[in-house]
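What follows is the residue order along each chain.
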Amino acid sequence: MQAGEPAKRSPWAMRLAIAGATMVVIGIVLVSSQSSNISEAMDPRENYHQTYVGPGSEVAGQLDDTCYRFYQLSDDPEMSVELFRVEGSSISGEAIAEASCKLDFQPMTQEGNVLVERASWKLNESGEYAVTITCANSCESAQGWFSSIDAFQNKLFESTTLLFGATICCFGIFTTPVALIIYFASKPSKTPRVMMVGEDGRLIPITDLNPDNPVLFDQPQEQGRPEQGPTVAPPFADTAEQNQPDEFVDGLPDVAAGNLLTTEQVYALMKGDVEAAQEHARSGRYQGATAEDAIEEAANMAAIASWDEGVTLAKQENETTPNQRPAPKPVKTTSTTLSDQSWKEWEEL
């Protein structure tokens, strides 16, 4: 029997790791190739609704989106911005309260400039609005951009290549933990899977099926089965029925050599009949047919054949016919004189 191959980890862990790394590389290459589109979509200086310079109040026009923000460069003087609703040709009502919205979309610039959010609004209704800017310090040269975050989102999702690159990169990142889980889950166990039962009933691990392994091949040779003791308690233990072997063992050579006696010979010797024991030794089961047996068998066959043909064979002088019954022997009568005398003596006492 040849030794089995050693246990190995599942190959799917390495396959998934390679596939995940490949997808991450491809995704990074595709996303990097769309850097210009990302800058156009996420830079408020390129994707804006309206730009403002210095303090003042100016109509922003029709606003149909829901999320708007006002950005400035971090180095410019700070501007205070308010948003009002316009009815007709004049500003009406109070300033719209600021509210945060779509925080997942933050401005990005290709040059790495830092943009600061000055105000944010969440509009529930579309219409015309006006932006009013005031400054605590001189800000005539300061510039700000009023941008729609919904426009950021729509511009970003218009690029099919960018979406495909980002998706495949995410799949590659998610595949890496799965590969690690499969790698550690398929760790081969150090415990041997094949066990051997020793002569004392203990389980012996088989780590390597080769002649150099002392655990397997240095075990003592298998010996014959030990004789099972009787299952019946004494004094009837010797009367318990023992399991006989299925294979028939012929004792003819031992009988012929005089080392074994048959059952008939044992019975004959128990009775003291030595001649009968010797006669049983020539039985048909243990001895071959003799010349006398062959002659007697041939005579019997001839007698049977003559009966079938109706021929009467010569009878021996001392042979009796079946119809003739032997004369009954006279029955001896015993005298009762002794018994009568005994009764008389008993009565006289």
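Residues numbered from 1 in each chain as written. Predicted model: local features only at pLDDT ≥ 70, side-chain atom pairs only at ≥ 80, totals over all residues. Heavy atoms only, no water.

A. The confidence of the model for the chain, seen in detail. Model confidence for the chain is summarised by a mean pLDDT of 75, while 63% of its residues fall at 70 or above. Per-element mean pLDDT across the chain ranges from 48 in helix H5 (residues 214-217) up to 93 in strand S3 (residues 67-73). Taken together, the stretch residues 215-224 has pLDDT below 50 and engages in 14 contacts with residues farther than four places along the chain or on a different chain. (pLDDT = per-residue confidence, 0-100. Helix = DSSP H or I, 4+ residues; strand = E, 2+ residues; numbered from the N terminus. Contact = heavy atoms within 4.5 Å.)

B. Representation of the pattern of salt bridges within the structure. If you walk through the whole model with that rule in mind, you get 4 salt bridges. Asp43 serves as the salt-bridge partner of Arg45, at 3.2 Å between the closest nitrogen and oxygen. Residue class for Asp43 comes out buried when judged on its relative accessible area of 1%. Its salt-bridge partner being Asp150, residue Lys102 comes within 1.9 Å of it at the nearest N-O pair. With Lys102 in the loop between strand S5 (90-92) and strand S6 (115-122) and Asp150 in helix H3 (residues 149-157), the pair connects residues that are 48 residues apart, well separated along the chain. Its relative accessible area of 8% is what places Asp150 among the buried residues. Connected through salt bridges with shared partners, the residues Asp43, Arg45 and Glu111 form a single ionic network. (Salt bridge = Lys/Arg side-chain N within 4 Å of Asp/Glu carboxyl O. Buried < 20%, exposed > 50% of the residue type's maximum accessible area, 1.4 Å probe, protein only.)

C. Here's a closer look at the pairing of strand S1 (residues 50-53). By the alternation rule, side chains of S1 split into Gln50 and Tyr52, which are all buried, and Thr51 and Val53, of which none is buried. Bridge count between S1 and strand S8 (residues 143-148): 4 bridges; the pairing is antiparallel. Directly across from Gln50, in S8, lies its bridge partner Phe146. (Pairing = 2+ DSSP bridges.)

D. View of the state of the cysteines. In the structure shown here, the tally under the stated rule is 2 disulfides. What pairs with Cys67 in a disulfide is Cys101, and their sulfur atoms sit 1.8 Å apart. In this structure, the disulfide formed by Cys67 and Cys101 twists by about 80 degrees around the S-S bond and is classed as right-handed. In this pair, Cys67 is assigned in strand S3 and Cys101 in the loop between S5 and S6, connecting sequence segments 34 residues apart. You'll find Cys67 and Cys101 in the same group, each marked buried. Disulfide partners in the chain, listed by the sequence order of the bonded cysteines, are 1-2, 3-4. Note on Cys169: no disulfide assigned, nearest cysteine sulfur contributed by Cys170 at a separation of 5.9 Å. (Disulfide = S-S within 2.5 Å.)

E. The arrangement of helix H1 (residues 11-33) in detail. Relative to the 33 Å expected for 23 residues at 1.5 Å per residue, H1 spans 34 Å between its end C-alpha atoms, a close match to the ideal helical length. Three or more residues of H1 are buried, namely Ala13, Gly20 and Gly27. Elements that come into contact with the buried residues of H1 comprise helix H4 (160-185). (Expected span 1.5 Å × (residues − 1).)

F. Just the packing of aromatic side chains, in detail. Under the definition given, this model contains 4 aromatic pairs. Both rings, one in Tyr52 and one in Phe70, keep their centres 6.1 Å apart while their planes meet at 40 degrees; by these two values the pair is tilted. Of this pair, Tyr52 sits in strand S1 while Phe70 sits in strand S3, and the two are 18 residues apart along the sequence. Classification of Phe70 as buried rests on a relative accessible area of 0%. For the ring pair Tyr68 and Phe146, a centre distance of 5.3 Å and an interplane angle of 5 degrees mean the geometry is stacked. Here the residue Tyr68 occupies a position in strand S3, and Phe146 occupies one in strand S8, the gap between them amounting to 78 residues. With respect to class, Tyr68 is no different from Phe146; both count as buried. Every member of this aromatic cluster is reached through a ring pair, and the members are Tyr68, Trp121 and Phe146. One cation-aromatic arrangement involves Arg15 over Trp12; the distance from NZ or CZ to the ring centre is 4.7 Å. (Phe/Tyr/Trp six-rings, centres within 6.5 Å; stacked < 30°, edge-to-face > 60°. Lys NZ or Arg CZ within 6 Å of the ring centre and 35° of its normal.)

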